[in-house]
Amino acid sequence: MKSKSGGQRSERVGDAIHRELAVLLRAEIKDPRLRNLTLTQVDVTPDLAHAKIYVSHVDGNAIWPEAERALLKASGFLRSQLARVLNTYSVPALHFAYDNSLANGINLSALIDRALEEDSKHPDD
């Protein structure tokens, strides 16, 4: 059975990783493949061994293969920097995944705008 404190701790560590990685990606990583990436969520396993970091980009997932390679290349540096600020015995292994919710939201918003525009063209019957 999962302890409540274990879940809260992994959540706190996930929040800290989220904050620190956002700063590191913006200020320390100069790789152009990682420009305009947004960290959307960080999930950490209860044993703090693994962290799944979800990233998004306003241009959609076309950039993901290159961005993923750049993130994997930078993961050692990112973990070493996280080790300086996290108050844990070890730093979770970082796993990156693309989150398309931002692109989906933009597409949905565009669809709604088009539907409203079409509705305005037809007077009420």
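Whatever comes next refers back to the structure up there.
Enquirer: When you look at the packing of aromatic side chains in this model, what are you seeing that I'm missing?
Expert: Aromatic rings in a pair are described by how distant their centres are and how their planes are angled relative to each other. Within this structure, the stated rule accounts for 1 aromatic pair. Taking 5.8 Å as the distance between ring centres and 50° as the angle between the ring planes, the aromatic pair formed by Trp64 and Tyr98 counts as tilted. Residue Trp64 is found in helix α2 (residues 64–85), and its partner Tyr98 is found in strand β3 (residues 93–98); the two are separated by 34 residues along the sequence. Here Trp64 matches Tyr98 in class, with each residue buried.

Enquirer: I would appreciate a short explanation of the pairing of strand β2 (residues 50–57) in the present structure.
Expert: In the case of a regular strand, side chains alternate between the two sheet surfaces. In this structure, strand β1 (residues 37–44) lies alongside β2, joined through 7 bridges in antiparallel fashion. Across the sheet, residue Thr38 finds its bridge partner in β2, namely Ser56. In textbook terms, the turn of a hairpin is the stretch between consecutive antiparallel strands, and for β1 and β2 this stretch comprises 5 residues, one of which, Leu48, has a positive phi near 60°. The pairing of β2 with β3 spans 6 bridges and is parallel. By the bridge assignment for β3, Lys52 is matched with His95. In this view, the connection linking β2 to its parallel neighbour β3 by way of α2 has right-handed handedness.

Enquirer: In this structure, what is going on with α2? I would like to understand it.
Expert: For an α-helix the count is 3.6 residues per turn, leaving residues at separations of three or four pointing the same way. Ser75 marks the point of greatest bend in α2, at about 50°. Turning to α2, its buried residues number three or more, namely Trp64, Ala67, Ala70, Leu71, Ala74, Ser75, Leu78, Gln81 and Leu82.

About the criteria used
- Residues numbered from 1 in each chain as written.
- Predicted model: local features only at pLDDT ≥ 70, side-chain atom pairs only at ≥ 80, totals over all residues.
- Heavy atoms only, no water.
- Phe/Tyr/Trp six-rings, centres within 6.5 Å; stacked < 30°, edge-to-face > 60°.
- Helix = DSSP H or I, 4+ residues; strand = E, 2+ residues; numbered from the N terminus.
- Buried < 20%, exposed > 50% of the residue type's maximum accessible area, 1.4 Å probe, protein only.
- Pairing = 2+ DSSP bridges.
- Right-handed = clockwise from strand over helix to strand, strands pointing away.
- Bend = angle between axes of the 7 residues up to and from the residue.

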